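The primary structure of each chain is shown beneath.
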Amino acid sequence: MNDLTRKLILLIDEFDSFGKLDRNMPLFAIAIGTLRKDREIAEDIVVLNENSRSGMGALGLSRILTEDYFNLRYLNNNPDLIEENLDLFNSHPTVDHYGSMKSMLNWGYPFSKEEALIFPSIEAGFEKNKEKFLRRGKSHEPYKQDNYYRTWTRLGLEDLISKSGFEDEDLKTLHFLNENYNTGSTIIHHNAFNIWYLATQGRGTELAEEGYRDISARVTFIVLNRILNLVINIFSKETKDEETALHFTLKLEKILDEFNAQ
(Lines give C-alpha, C1' and ligand atoms only; values in the text may rest on other atoms or scores of the structure.)
Protein backbone atom coordinates (compact mmCIF):
# COMPACT_ATOMS: atom_id res chain seq x y z
CA MET A 1 0.00 0.00 0.00
CA ASN A 2 2.84 2.40 0.77
CA ASP A 3 4.29 1.82 -2.70
CA LEU A 4 0.98 2.79 -4.29
CA THR A 5 0.79 5.94 -2.18
CA ARG A 6 4.31 6.85 -3.33
CA LYS A 7 3.08 6.52 -6.92
CA LEU A 8 0.26 8.94 -6.11
CA ILE A 9 2.78 11.37 -4.63
CA LEU A 10 4.92 11.22 -7.78
CA LEU A 11 1.82 11.76 -9.92
CA ILE A 12 0.88 14.82 -7.85
CA ASP A 13 4.36 16.26 -8.43
CA GLU A 14 4.06 15.62 -12.15
CA PHE A 15 0.57 17.13 -12.33
CA ASP A 16 1.61 20.26 -10.42
CA SER A 17 4.92 20.53 -12.32
CA PHE A 18 6.66 20.49 -8.93
CA GLY A 19 4.89 23.63 -7.72
CA LYS A 20 4.91 25.58 -10.99
CA LEU A 21 1.28 25.12 -12.05
CA ASP A 22 -0.65 28.40 -12.33
CA ARG A 23 -2.54 29.23 -9.12
CA ASN A 24 -4.37 32.37 -10.27
CA MET A 25 -7.78 30.68 -10.49
CA PRO A 26 -9.66 31.19 -7.18
CA LEU A 27 -11.07 27.70 -6.57
CA PHE A 28 -8.14 25.92 -8.14
CA ALA A 29 -5.67 27.88 -5.99
CA ILE A 30 -7.32 26.43 -2.89
CA ALA A 31 -7.58 22.99 -4.49
CA ILE A 32 -3.92 22.78 -5.50
CA GLY A 33 -2.81 24.21 -2.16
CA THR A 34 -4.85 21.52 -0.39
CA LEU A 35 -3.37 18.86 -2.65
CA ARG A 36 0.20 20.00 -1.97
CA LYS A 37 -0.43 20.09 1.77
CA ASP A 38 -1.93 16.59 1.73
CA ARG A 39 0.89 15.31 -0.49
CA GLU A 40 3.36 16.33 2.23
CA ILE A 41 1.27 14.71 4.97
CA ALA A 42 0.86 11.51 2.91
CA GLU A 43 4.62 11.29 2.49
CA ASP A 44 5.04 11.67 6.26
CA ILE A 45 2.48 8.90 6.80
CA VAL A 46 4.36 6.57 4.45
CA VAL A 47 7.62 7.20 6.31
CA LEU A 48 5.93 6.69 9.69
CA ASN A 49 4.36 3.43 8.58
CA GLU A 50 7.66 2.15 7.26
CA ASN A 51 9.48 2.92 10.50
CA SER A 52 6.82 2.63 13.22
CA ARG A 53 5.46 -0.51 14.85
CA SER A 54 2.04 0.81 15.80
CA GLY A 55 0.94 3.32 13.14
CA MET A 56 -0.96 5.41 15.70
CA GLY A 57 0.70 8.64 14.63
CA ALA A 58 0.05 7.83 10.98
CA LEU A 59 -3.62 7.15 11.68
CA GLY A 60 -3.94 10.50 13.48
CA LEU A 61 -2.41 12.28 10.50
CA SER A 62 -4.71 10.49 8.04
CA ARG A 63 -7.68 12.26 9.65
CA ILE A 64 -6.33 15.54 8.22
CA LEU A 65 -6.56 14.19 4.68
CA THR A 66 -10.14 13.08 5.20
CA GLU A 67 -11.17 16.46 6.62
CA ASP A 68 -9.44 18.29 3.76
CA TYR A 69 -11.32 16.10 1.29
CA PHE A 70 -14.67 16.94 2.89
CA ASN A 71 -13.85 20.67 2.83
CA LEU A 72 -12.73 20.63 -0.81
CA ARG A 73 -15.81 18.68 -1.84
CA TYR A 74 -17.98 21.21 -0.04
CA LEU A 75 -16.34 24.07 -1.94
CA ASN A 76 -16.67 22.32 -5.30
CA ASN A 77 -20.22 21.02 -4.84
CA ASN A 78 -21.80 24.36 -3.93
CA PRO A 79 -21.21 26.62 -6.95
CA ASP A 80 -24.06 28.89 -5.93
CA LEU A 81 -22.15 29.70 -2.73
CA ILE A 82 -18.68 29.88 -4.25
CA GLU A 83 -18.16 33.64 -3.85
CA GLU A 84 -19.34 33.59 -0.23
CA ASN A 85 -17.29 30.48 0.57
CA LEU A 86 -14.13 31.89 -1.01
CA ASP A 87 -14.57 35.01 1.09
CA LEU A 88 -15.08 32.92 4.25
CA PHE A 89 -12.04 30.79 3.42
CA ASN A 90 -9.82 33.83 2.94
CA SER A 91 -11.12 35.86 5.89
CA HIS A 92 -11.31 33.21 8.62
CA PRO A 93 -7.56 33.41 9.39
CA THR A 94 -8.18 36.89 10.82
CA VAL A 95 -10.32 35.32 13.55
CA ASP A 96 -7.65 32.71 14.28
CA HIS A 97 -4.84 35.29 14.40
CA TYR A 98 -6.82 37.52 16.76
CA GLY A 99 -7.62 34.62 19.07
CA SER A 100 -3.96 33.59 19.17
CA MET A 101 -2.87 37.15 19.91
CA LYS A 102 -5.38 37.51 22.75
CA SER A 103 -4.34 34.19 24.28
CA MET A 104 -0.65 35.06 24.17
CA LEU A 105 -1.32 38.45 25.76
CA ASN A 106 -3.43 36.85 28.50
CA TRP A 107 -0.63 34.39 29.22
CA GLY A 108 1.81 37.24 29.56
CA TYR A 109 3.99 36.41 26.58
CA PRO A 110 6.68 39.12 26.29
CA PHE A 111 6.14 40.38 22.75
CA SER A 112 8.93 42.58 21.42
CA LYS A 113 8.16 46.10 20.19
CA GLU A 114 8.67 44.89 16.62
CA GLU A 115 6.23 42.01 17.11
CA ALA A 116 3.65 44.32 18.68
CA LEU A 117 3.65 46.47 15.55
CA ILE A 118 1.39 43.94 13.82
CA PHE A 119 -1.28 44.08 16.55
CA PRO A 120 -3.27 46.93 14.88
CA SER A 121 -3.53 45.03 11.58
CA ILE A 122 -4.64 41.86 13.40
CA GLU A 123 -7.27 43.82 15.33
CA ALA A 124 -8.47 45.56 12.17
CA GLY A 125 -8.83 42.25 10.34
CA PHE A 126 -10.81 40.79 13.22
CA GLU A 127 -13.14 43.78 13.46
CA LYS A 128 -13.79 43.64 9.73
CA ASN A 129 -14.69 39.94 9.69
CA LYS A 130 -15.85 38.98 13.18
CA GLU A 131 -19.55 39.22 12.37
CA LYS A 132 -19.25 36.46 9.78
CA PHE A 133 -17.97 33.93 12.30
CA LEU A 134 -19.91 34.70 15.49
CA ARG A 135 -21.72 31.58 16.68
CA ARG A 136 -25.49 31.69 17.05
CA GLY A 137 -26.56 32.95 20.46
CA LYS A 138 -23.11 34.35 21.26
CA SER A 139 -21.96 37.97 21.58
CA HIS A 140 -18.77 39.82 20.79
CA GLU A 141 -18.43 41.23 24.30
CA PRO A 142 -16.90 40.07 26.50
CA TYR A 143 -14.52 38.47 24.01
CA LYS A 144 -14.25 34.68 24.16
CA GLN A 145 -12.47 32.68 21.49
CA ASP A 146 -15.08 29.92 21.68
CA ASN A 147 -17.78 32.42 20.66
CA TYR A 148 -16.48 32.16 17.10
CA TYR A 149 -16.50 29.30 14.61
CA ARG A 150 -13.19 27.47 14.53
CA THR A 151 -13.52 26.56 10.83
CA TRP A 152 -14.25 28.71 7.80
CA THR A 153 -17.22 26.53 6.75
CA ARG A 154 -19.09 27.31 10.01
CA LEU A 155 -20.40 23.73 9.81
CA GLY A 156 -20.11 20.65 11.96
CA LEU A 157 -18.89 17.42 10.37
CA GLU A 158 -22.39 16.02 9.78
CA ASP A 159 -23.61 19.19 8.03
CA LEU A 160 -20.38 19.47 6.07
CA ILE A 161 -20.80 15.94 4.71
CA SER A 162 -24.49 16.42 3.94
CA LYS A 163 -23.67 19.47 1.80
CA SER A 164 -20.76 17.85 -0.06
CA GLY A 165 -22.57 15.86 -2.75
CA PHE A 166 -22.25 12.35 -1.37
CA GLU A 167 -25.89 11.48 -2.06
CA ASP A 168 -24.93 10.17 -5.51
CA GLU A 169 -22.21 7.89 -4.16
CA ASP A 170 -22.13 4.48 -2.58
CA LEU A 171 -23.08 4.91 1.08
CA LYS A 172 -20.39 2.39 2.00
CA THR A 173 -17.78 4.90 0.81
CA LEU A 174 -19.20 7.64 2.99
CA HIS A 175 -19.39 5.26 5.95
CA PHE A 176 -15.75 4.27 5.42
CA LEU A 177 -14.57 7.90 5.30
CA ASN A 178 -16.67 8.96 8.28
CA GLU A 179 -15.58 6.03 10.45
CA ASN A 180 -11.93 6.60 9.70
CA TYR A 181 -12.26 10.31 10.39
CA ASN A 182 -13.70 9.41 13.80
CA THR A 183 -11.03 6.76 14.41
CA GLY A 184 -8.31 9.30 13.64
CA SER A 185 -10.00 11.75 16.01
CA THR A 186 -9.80 9.26 18.87
CA ILE A 187 -6.03 9.16 18.38
CA ILE A 188 -5.69 12.95 18.31
CA HIS A 189 -7.94 13.76 21.25
CA HIS A 190 -7.64 12.69 24.89
CA ASN A 191 -9.68 9.61 24.16
CA ALA A 192 -10.50 7.36 27.10
CA PHE A 193 -10.58 4.08 25.14
CA ASN A 194 -7.13 4.44 23.62
CA ILE A 195 -5.63 5.53 26.92
CA TRP A 196 -7.28 2.61 28.72
CA TYR A 197 -6.29 0.16 25.98
CA LEU A 198 -2.62 1.10 25.97
CA ALA A 199 -2.49 1.28 29.76
CA THR A 200 -3.99 -2.19 30.21
CA GLN A 201 -2.90 -4.05 27.07
CA GLY A 202 0.17 -2.19 25.87
CA ARG A 203 2.15 -3.32 22.88
CA GLY A 204 2.24 -6.84 21.59
CA THR A 205 -1.42 -7.03 20.54
CA GLU A 206 -2.55 -7.34 16.94
CA LEU A 207 -4.31 -3.96 17.02
CA ALA A 208 -1.30 -2.11 18.41
CA GLU A 209 1.21 -3.88 16.15
CA GLU A 210 -0.56 -3.98 12.79
CA GLY A 211 -4.13 -2.67 12.90
CA TYR A 212 -3.56 1.07 13.04
CA ARG A 213 -0.71 0.92 10.53
CA ASP A 214 -2.77 -1.01 7.99
CA ILE A 215 -5.80 1.25 8.41
CA SER A 216 -3.79 4.46 8.08
CA ALA A 217 -2.02 3.21 4.94
CA ARG A 218 -5.32 2.25 3.31
CA VAL A 219 -7.08 5.48 4.29
CA THR A 220 -4.17 7.58 3.07
CA PHE A 221 -4.15 5.97 -0.37
CA ILE A 222 -7.92 6.08 -0.85
CA VAL A 223 -8.39 9.68 0.31
CA LEU A 224 -5.30 11.06 -1.45
CA ASN A 225 -6.51 9.41 -4.65
CA ARG A 226 -9.91 11.04 -4.25
CA ILE A 227 -8.39 14.46 -3.55
CA LEU A 228 -6.17 14.23 -6.64
CA ASN A 229 -9.11 13.15 -8.80
CA LEU A 230 -11.19 16.06 -7.49
CA VAL A 231 -8.39 18.58 -8.11
CA ILE A 232 -7.95 17.30 -11.68
CA ASN A 233 -11.68 17.82 -12.25
CA ILE A 234 -11.50 21.36 -10.85
CA PHE A 235 -8.47 22.01 -13.08
CA SER A 236 -10.40 20.81 -16.12
CA LYS A 237 -13.41 22.94 -15.24
CA GLU A 238 -11.49 26.17 -14.61
CA THR A 239 -8.87 25.90 -17.39
CA LYS A 240 -10.96 24.07 -20.02
CA ASP A 241 -7.80 22.03 -20.65
CA GLU A 242 -9.55 18.69 -21.00
CA GLU A 243 -6.62 17.06 -22.76
CA THR A 244 -4.25 17.54 -19.82
CA ALA A 245 -6.96 16.54 -17.35
CA LEU A 246 -7.65 13.34 -19.28
CA HIS A 247 -3.91 12.55 -19.43
CA PHE A 248 -3.60 12.61 -15.64
CA THR A 249 -6.96 10.92 -15.07
CA LEU A 250 -5.78 7.95 -17.12
CA LYS A 251 -2.52 7.80 -15.17
CA LEU A 252 -4.50 7.88 -11.94
CA GLU A 253 -6.74 5.07 -13.18
CA LYS A 254 -3.69 2.87 -13.80
CA ILE A 255 -2.65 3.28 -10.18
CA LEU A 256 -6.21 2.47 -9.09
CA ASP A 257 -6.13 -0.67 -11.23
CA GLU A 258 -3.06 -1.79 -9.25
CA PHE A 259 -4.92 -1.10 -6.00
CA ASN A 260 -8.00 -3.04 -7.12
CA ALA A 261 -5.84 -5.97 -8.21
CA GLN A 262 -4.44 -6.47 -4.71
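Please refer to the structure higher up on the page.
Basis of the calculations
- Residues numbered from 1 in each chain as written.
- Predicted model: local features only at pLDDT ≥ 70, side-chain atom pairs only at ≥ 80, totals over all residues.
- Heavy atoms only, no water.
- Helix = DSSP H or I, 4+ residues; strand = E, 2+ residues; numbered from the N terminus.
- Expected span 1.5 Å × (residues − 1).
- Bend = angle between axes of the 7 residues up to and from the residue.
- Buried < 20%, exposed > 50% of the residue type's maximum accessible area, 1.4 Å probe, protein only.
- Contact = heavy atoms within 4.5 Å.
- Axes fitted to C-alpha atoms, helices over the stretch in contact; angles between N-to-C directions.
- Parallel < 35°, antiparallel > 145°, perpendicular 65-115°, else oblique.
- Left-handed = near helix turned anticlockwise from the far one by under 90°.
- Core = buried A, V, L, I, M, F, W, Y, C linked by side-chain atoms within 4.5 Å.
- Polar contact = N/O pair within 3.5 Å; in protein donor to acceptor, adjacent residues only side chain to side chain.

Draft legend 1. Structural view of helix α4 (residues 82-106). A rise of 1.5 Å per residue sets the reference length of α4, with its 25 residues, at 36 Å; its end C-alpha atoms lie 37 Å apart and thus fit the reference within 8%. Asn90 marks where α4 bends most, by close to 30 degrees; the proline Pro93 follows one to four residues later. Taken together, the buried positions of α4 are occupied by Ile82, Asn85, Leu86, Leu88, Ser91, His92, Thr94, Val95, Tyr98, Gly99, Met101 and Ser103. Its buried side turned inward, α4 meets α2 (26-51), α3 (56-76) and α6 (119-133). Following α4 by one or two positions, Gly108 has its phi on the positive side, about 85 degrees.

Draft legend 2. Highlighting the packing of α3 against helix α8 (residues 171-188). As a packed pair, α3 and α8 sit with axes 8 Å apart at the nearest point and diverge in direction by 130 degrees. Taken as axis vectors, α3 and α8 run oblique relative to one another. For the pair α3 and α8, the sense of crossing is left-handed. The residues of α8 that touch α3, namely those facing Met56, Leu59, Gly60, Arg63, Thr66, Glu67, Tyr69 and Phe70, are Leu177, Asn178, Tyr181, Thr183, Gly184, Ser185, Ile187 and Ile188.

Draft legend 3. Here's a closer look at the nonpolar core. Core analysis: the largest hydrophobic core is formed by 57 residues, its most contacted members being Phe15, Leu35, Tyr69, Leu228 and Val231. Broken down by element, this core gets its largest block of residues, twelve residues, from helix α10 (residues 206-239). Apart from residues no more than four positions distant in its own chain, Val231 is found in contact with Phe15, Phe28, Ala31, Ile32, Leu35 and Leu72.

Draft legend 4. The arrangement of the environment of Asn129 in detail. Among the structural elements, Asn129 can be located in helix α6. Separated by 42 residues in sequence, Asn129 and Asp87 have C-alpha atoms that sit 9.9 Å apart. Filtering out sequence-adjacent residues up to four positions away, Asn129 remains in contact with Ser91 and Thr94.

Draft legend 5. Just the side chain of Asp13, in detail. Counting through the fold element by element, Asp13 comes out in helix α1 (residues 2-15). Taking the relative accessible area as the measure of exposure, Asp13 reaches 4% and is therefore buried. Within the local environment of Asp13, its side chain forms a polar contact with the side chain of Arg36, the two groups lying 3.0 Å apart.

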